[in-house]
Amino acid sequence: MLNSSRSLHVAVGPSLGSLCKIDRDRSVEKMAFIAILFTKQRNSWSFFFLLVLFQRLVASSPCLSAAAMVESTDPFAFRRGLVPTKLGVVHYTAVGPTTVGPNDKPLPIVGFHMSPRSVDEYKEIMQECSASGKRLFIAMDEFGYGNSDNPLKSCTLDDVADCFLQVLDELGVSKCVAAGSLMGCYFALSLAARYPDRISGVVCTNLYHFQLAAQVKALKEEAVRMYNEADDKPTPIEDSWELKDDGSHINDIFGKRSTWLSTELNTRATRDNLNYLVKRRERYAQGIHIQDGGAFLLQDTCAAVKCPVQCINGASAIQFFDTIGMEMTQQFEEAIGFFPTKPDVKVLEPPGSSINMLNENAKEWYTLVESFCQAIENEYFTNSRLGWL
């Protein structure tokens, strides 16, 4: 069962009232302690002192103060929150206005990170959005990543995407542009294919279509797991991550990216990767798994996407995947052929075009995406036949 007491909804605006959900555990614990003292005090001066202390706690608490009940004087301050969904609690960060204008303009952007990152992948992007001063940007931690829960049960990527839609419902976002990076592209495309009235455009960063051998392997493993779970007795899943007494399993994570990332960014990526591996170890022990990207039906999903699609690739990212035998050049060309209408393709050149280019080249990426959003708003919102009014 979900522990609904983990988060609190605070109204800050008519449309996006719950954008300021905050963790209330510490405040509630303090107030409960003071309430107990209230009942034990008979001395009037002690009671008066505790009353003043309680009032000050309420005034300073982000979940109970009157200041939290009105819109911030800085609408582009970063916000974060937790939203309970059917698979667990999802953590999000947001920046931008707490209300959306008429006809959902400007369109909010919702970002889904690659594996094994977190909302931190969109940190610099959100700073660019904040500087632009007009558009809401929301980034979500996927289940088993960042500050989101592990899923309560095994699930497909479509199941996860449905939970992200629950978050958007909670935040009052009726339409948006969905953006994904690598694996995050699958969530964006899943929503666009199945909920065309909610997704007005898709931005895919380094979209990857798994090779046939990887797809077959992932689908076979998926079938075995589904068979094992049919009797409602999940079998623990073997985890390939090996813990070592000397701690080198942590050093190995940092070393994987040290040749192309700065020490600062590599440290952030290592933190995300380590967090993912620890959570994966925990859910595998319970027999809980999340569908592998290789088992995601990308071709069928892309074929059902009717909204505009923009693909942004990093030249260095493509070269990297080609070098390690994943043939991204070929696989990407195959992927964009799945769409009913060929996507708008942009390529970012070095420097800042690796798989971590959202952190390294945020300004150029956000400029492209902002132009894409404006084109949708200017052209497609005026065409009622396309169903975006």
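Here the structure is a predicted model, which means the values were calculated and not measured.

Trainee: When you look at the pairing of strand E6 (residues 199-205) in this model, what are you seeing that I'm missing?
Mentor: For a regular strand, side-chain orientation follows a simple rule: the groups alternate between the two sheet faces. With respect to burial, E6 is a largely interior element, seven of its seven residues being buried. When E6 meets strand E7 (residues 309-314), the two strands line up parallel, connected through four bridges. Residue pairing in the sheet places Val203 in a bridge with Gln310 of E7.

Trainee: Any chance you could explain the packing of aromatic side chains here in plain terms?
Mentor: The description of an aromatic ring pair rests on the distance of the ring centres and on the angle between the ring planes. Counted according to the given criterion, the structure contains 12 aromatic pairs. Seen in terms of ring centroids, Trp260 and Phe320 are 5.3 Å apart; in terms of plane orientation they differ by 50°. Their pairing is tilted. Of this pair, Trp260 sits in the loop between helix H7 (248-257) and helix H8 (263-285) while Phe320 sits in helix H10 (residues 315-323), and the two are 60 residues apart along the sequence. By relative accessible area, which is 29% here, Phe320 ends up partly exposed. Pairing Phe320 with Phe321 gives two aromatic rings, centres 5.5 Å apart and planes at 70°, and the pair type is edge-to-face.

Trainee: I keep staring at the confidence of the model for the chain and nothing clicks. Help me out?
Mentor: Any region with low pLDDT has predicted coordinates that should not be read closely. Summary statistics for the chain give a mean pLDDT of 82 and a share of 75% for residues scoring 70 or more. Contacts from residues 1-42, a stretch scored under 50 in pLDDT, to residues over four places away or in other chains number 103 contacts. Predicted confidence for residues 47-72 stays below pLDDT 50, and this span has 40 contacts to residues more than four positions away or in other chains.

Trainee: Looking at this structure, how should I read the pattern of salt bridges?
Mentor: A side chain with one charge can pair with a side chain of the opposite charge if their charged atoms come near. For the structure shown, the criterion picks out 17 salt bridges. Taken together, the shared-partner salt bridges connect Arg117, Asp120, Glu124, Glu264, Arg268, Arg271 and Asp272 into one network.

Trainee: Is there a simple way to explain the environment of Pro350 in this structure?
Mentor: Tracing the sequence through the fold places Pro350 in the loop between strand E8 (344-348) and helix H12 (357-360). Along the backbone, Pro350 and Asn361 are 11 residues apart, and their C-alpha atoms lie at a distance of 9.4 Å. Sequence-distant contacts of Pro350, that is, excluding residues within four places in its chain, are made with Ala315 and Ser316.

Trainee: Would you explain unusual backbone geometry in this entry?
Mentor: Negative phi values dominate among residues other than glycine, just as trans dominates among peptide bonds. The omega torsion of the bond from Ser115 to Pro116 falls at 5°, within 30 degrees of zero and hence cis. For Pro116, the location among the structural elements is in the loop between strand E3 (109-112) and helix H3 (123-132). In this chain, Pro350 is followed by Pro351 through a cis amide linkage whose omega measures -5°. Here Pro351 lies in the loop between E8 and H12. Positioned with a positive phi, Leu182 is a non-glycine residue whose angle comes to about 50°. Turning to its location among the elements, Leu182 is positioned in the loop between strand E5 (176-181) and helix H5 (184-194).

Trainee: Is there a simple way to think about the packing of helix H4 (residues 157-170) against H5 in this case?
Mentor: If you want to describe how two helices pack, look at the angle between their axes and the distance between the axes. The interhelical angle for the contact between H4 and H5, taken along N-to-C directions, is 75°, at an axis separation of 9 Å. When the interaxial angle is binned, H4 and H5 end up roughly perpendicular. In this structure, H4 uses Leu157, Asp158, Val160, Ala161, Asp162, Phe164 and Leu165 to contact H5, whose residues at the interface are Tyr186, Phe187, Ser190, Leu191 and Arg194. For the contact of H4 with H5, the class distribution of residues is eight nonpolar, one polar and three charged.

Calculation criteria
Residues numbered from 1 in each chain as written. Predicted model: local features only at pLDDT ≥ 70, side-chain atom pairs only at ≥ 80, totals over all residues. Heavy atoms only, no water. Buried < 20%, exposed > 50% of the residue type's maximum accessible area, 1.4 Å probe, protein only. Helix = DSSP H or I, 4+ residues; strand = E, 2+ residues; numbered from the N terminus. Pairing = 2+ DSSP bridges. Phe/Tyr/Trp six-rings, centres within 6.5 Å; stacked < 30°, edge-to-face > 60°. pLDDT = per-residue confidence, 0-100. Contact = heavy atoms within 4.5 Å. Salt bridge = Lys/Arg side-chain N within 4 Å of Asp/Glu carboxyl O. Axes fitted to C-alpha atoms, helices over the stretch in contact; angles between N-to-C directions. Parallel < 35°, antiparallel > 145°, perpendicular 65-115°, else oblique. Nonpolar A, V, L, I, M, F, W, Y, C, P; charged D, E, K, R; others polar.

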